[in-house]
Amino acid sequence: MQILEKAPAKINLSLDALHKRADGFHEVEMVMTTVDLADRIELTLLSDDEIKVESESRFVPNDERNLAYRAAQLLKDRFRVTQGVKIFIEKNIPVAAGLAGGSSDAAAVLRGVNRMWGLGLSMDELAELGSEIGSDVSFCVYGGTALATGRGEKIQHLPAPPPCWVVLSKPTLGVSTQSVYKNLDLSAAQHPNTEAMVEALKKGDYYGICKNVGNTLEGVTLQMHEEVGQIKEQMKQAGADAVLMSGSGPTVFSLVEHDARAQRIYNSLKGFCTEVFMVRMLGYREPLDK
Ligand SMILES: C[C@@](CO)(OP(=O)(O)O)[C@H](O)COP(=O)(O)OP(=O)(O)OC[C@H]1O[C@@H](n2ccc(N)nc2=O)[C@H](O)[C@@H]1O
Ligand SMILES: Nc1ncnc2c1ncn2[C@@H]1O[C@H](COP(=O)(O)OP(=O)(O)O)[C@@H](O)[C@H]1O
C-alpha cells in the first residue's frame, strides 16, 4: 500500500512575538498561509515494525532526527501500532529557510499514516498531536491561511488571500530558529498590526494585506546576515507590492499582483540567489492527499 501527501511551504504574512513565556518559548501572533511550493511525501506500508526515512537532500537527516520520522514515531507509540512505514521525501522546499519545510513534512506524515494505519484521527486531533513535534506543525496539518497564537499551536482559520504571485528568494545560508529567538530583544523590536492583517484578509483586501506585512524576528536575522537586507532592497527596486522575511528567515518573499512584474522580480533575483521561486499564494485548504 502506498500513500502520497503534499507538504506545502508556508510564509508568514505577519509574525509578532509578544513576550517570553515561563516555558522558554515566546507568545506569538502569526498569520501564515501556504504557497504552491511543496515537498512530496511517499509512504509505503511495511509489515516489519520499523520506520525508514529516505530523501535525496543531503541537508536533512535520514534517521530519528528527521521531523517526518518523529511524526510517524509519535503516532506509532501513542496508538501502539505494530506495522511500519517507509517515508520517502522529495525535498523541494529549501531547508532551514523560514518556510517550515520540516514541519510541513511532519504534518504530511501525520495525515498519511493516520490513513495508512487506519487510526481514524480528526484533523484537529492530528494538529494537537503535531504541536508535540514543533510550533509550526499544527498549522501545517491544516494548511490554508490562519492566525496562529500561543507557541504557534492555537489555530484560527482565516479566508484565503486574493490570488497573487509570491517570489521567494533564499540566500545560500541556513538560519536556526532557536538562535534568532535567542537574540530577540523585545524592548527594541518592531510589532506588526496583526488585527489589521486579519481584517484585510477577511475583506479580501490585497493592498491592505501588503500594507500590513510585518515580522518581529526580521530585525534579528537582518543583523546576522546582510544578504537578507540586500534581497529586500533588490525586490523593492524591482517593484514588489510588499517585501518581508518569512518566519526566522533567511527567505525573503515579495507579494506581486501581476505575473509580468513577478517574472521581472524573479529574473532580477535569479542573478543574485540560487534558490529563487515564483509561486502562487495557495492559501486555501486544498486536499493535500493527492
Ligand atoms: C519561526 C517560525 C514562524 O512560523 O517558523 P520558521 O522560521 O521556523 O519557519 C516558527 O514559529 C518556528 O516553529 P518551529 O520551527 O516548529 O520551532 P520549534 O522547533 O517549536 O522551536 C525552535 C526554537 O525556537 C524558539 N521558539 C519557537 C517558537 C516560539 N513560539 N517561541 C520560541 O522561542 C525556541 O527556542 C525553540 O526551542
Ligand atoms: N524533513 C525535514 N525537512 C527539512 N529539515 C528537516 C527535516 N527534518 C529535520 N530537519 C532539520 O530541521 C532544520 C530546518 O527545518 P526547516 O523546517 O527546513 O526550517 P524552518 O523551520 O526554518 O522552515 C534543519 O536543521 C534540518 O536539518
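Residues numbered from 1 in each chain as written. Chains lettered and ligands numbered in written order. Predicted model: local features only at pLDDT ≥ 70, side-chain atom pairs only at ≥ 80, totals over all residues. Heavy atoms only, no water.

Before going further, it helps to spend a moment on the side chain of Asn-12. Assignment of secondary structure puts Asn-12 in strand S1 (residues 2-20). According to the relative accessible area criterion, Asn-12 is buried, its value standing at 1%. Side-chain polar atoms of Asn-12 contact the side chain of Ser-246, separated by 3.4 Å. A distance of 3.1 Å separates a polar atom in the side chain of Asn-12 from the backbone nitrogen of Gly-247. Here Asn-12 is in contact with Met-30, Val-31, Met-32, Gly-98, Leu-244, Ser-246, Gly-247 and Phe-253, once residues within four sequence places are set aside. (Helix = DSSP H or I, 4+ residues; strand = E, 2+ residues; numbered from the N terminus. Buried < 20%, exposed > 50% of the residue type's maximum accessible area, 1.4 Å probe, protein only. Polar contact = N/O pair within 3.5 Å; in protein donor to acceptor, adjacent residues only side chain to side chain. Contact = heavy atoms within 4.5 Å.)

Take the pattern of salt bridges next. Overall, the coordinates contain 16 salt bridges when judged by the stated rule. Glu-27 is the partner of Arg-21 in a salt bridge, and the nearest nitrogen-oxygen pair spans 3.4 Å. The salt bridge partner of Glu-132 is Arg-78, with a shortest N-O separation of 2.7 Å. Here Glu-132 is found in the loop between helix H3 (123-130) and helix H4 (137-142), whereas its partner Arg-78 is found in helix H1 (residues 67-78), with 54 residues between them in sequence. (Salt bridge = Lys/Arg side-chain N within 4 Å of Asp/Glu carboxyl O.)

To continue, consider the packing of aromatic side chains. Tallying each qualifying case throughout the model produces one aromatic pair. Pairing Tyr-206 with Tyr-207 gives two aromatic rings, centres 4.9 Å apart and planes at 80 degrees, and the pair type is edge-to-face. The lysine or arginine in question, Arg-151, covers the ring of Phe-25, its NZ or CZ lying 4.9 Å from the ring centre. (Phe/Tyr/Trp six-rings, centres within 6.5 Å; stacked < 30°, edge-to-face > 60°. Lys NZ or Arg CZ within 6 Å of the ring centre and 35° of its normal.)

It is worth spelling out the side chain of Asp-105 at this point. Turning to its location among the elements, Asp-105 is positioned in helix H2 (residues 101-116). By relative accessible area, which is 3% here, Asp-105 ends up buried. A polar atom in the side chain of Asp-105 sits 2.9 Å from the side chain of Lys-91.

Right, let's talk about the UniProt feature "binding site: ATP" (unreviewed entry) in the protein for a bit. Mapped onto this structure's residue numbering, the UniProt feature "binding site: ATP" (unreviewed entry) falls at Pro-94, Val-95, Ala-96, Ala-97, Gly-98, Leu-99, Ala-100, Gly-101, Gly-102, Ser-103 and Ser-104. Of the annotated positions named here, the largest pocket is lined by Pro-94, Val-95, Ala-96, Ala-97, Gly-98, Leu-99, Ala-100, Gly-101, Gly-102 and Ser-103. Secondary-structure assignment places Ala-97 in the loop between strand S4 (84-90) and H2. By relative accessible area, which is 2% here, Ala-97 ends up buried. In this view, Ala-97 contacts Lys-170, Ser-246, Gly-249, Pro-250 and Thr-251; residues no more than four positions away in its chain are not counted. Tracing the chain through its elements places Gly-101 in helix H2. Using a relative accessible area of 7% as the deciding quantity, one classes Gly-101 as buried. Leave out the neighbours within four places in its chain, and Gly-101 touches Asp-39, Lys-91 and Ile-93. (UniProt positions renumbered as here; feature names shortened; annotations may be inferred. 1 Å grid on protein atoms, 1.4 Å probe; cavity = no way out; pocket = protein on both sides within 12 Å on 5 of 7 lines; lining within 4 Å.)

Another aspect to go through is the site of ligand 2. Taken together, 18 residues sit near ligand 2, with Lys-91, Gly-98, Ala-100, Gly-102 and Asp-105 positioned nearest. Residue Ala-97 places a main-chain N or O atom 3.4 Å away from an oxygen atom belonging to ligand 2. Separating an oxygen atom of ligand 2 from a backbone N or O atom of Gly-102 is a distance of 2.7 Å. Isolated, ligand 2 exposes 540 Å² of accessible area, and the fraction of that covered by the protein chains is 78%. Counting atoms within 2 Å of the grid points, the majority share of ligand 2 lands in the largest pocket. Among the elements that line the shell around ligand 2, the one with the most residues is H2, at four residues. (Near = heavy atom within 4 Å. Areas by Shrake-Rupley, 256 points an atom, 1.4 Å probe, with all protein chains shown as cover. Sits in = over half its atoms within 2 Å of the grid points.)

On to the environment of Gly-120, then. Structurally, Gly-120 can be placed in the loop between H2 and H3. If we ignore the near neighbours within four places in the chain, the residues touching Gly-120 are Asn-114 and Glu-125.

Spatially, four strands are ordered S9-S10-S7-S11 in an open sheet, and the strand pairing comes out antiparallel. Bordering the open sheet on either side are strand S9 (242-245) and strand S11 (275-280), each of which pairs with just one other strand. The mean angle between the axes of side-by-side strands here comes to 20 degrees, regardless of whether they run parallel or antiparallel. With five bridges connecting them, strand S7 (residues 165-170) and strand S10 (residues 252-256) associate as antiparallel partners. When the bridges of S10 are listed, Trp-165 appears paired with Val-256. In the packing of helix H9 (residues 226-237) onto the sheet, the strands contacted are S7, S9 and S10, and the crossing angle to S10 comes to about 15 degrees. Lying over the sheet, helix H10 (residues 259-270) contacts S7, S10 and S11, oriented at roughly 170 degrees with respect to S11. (Pairing = 2+ DSSP bridges. Axes fitted to C-alpha atoms, helices over the stretch in contact; angles between N-to-C directions.)

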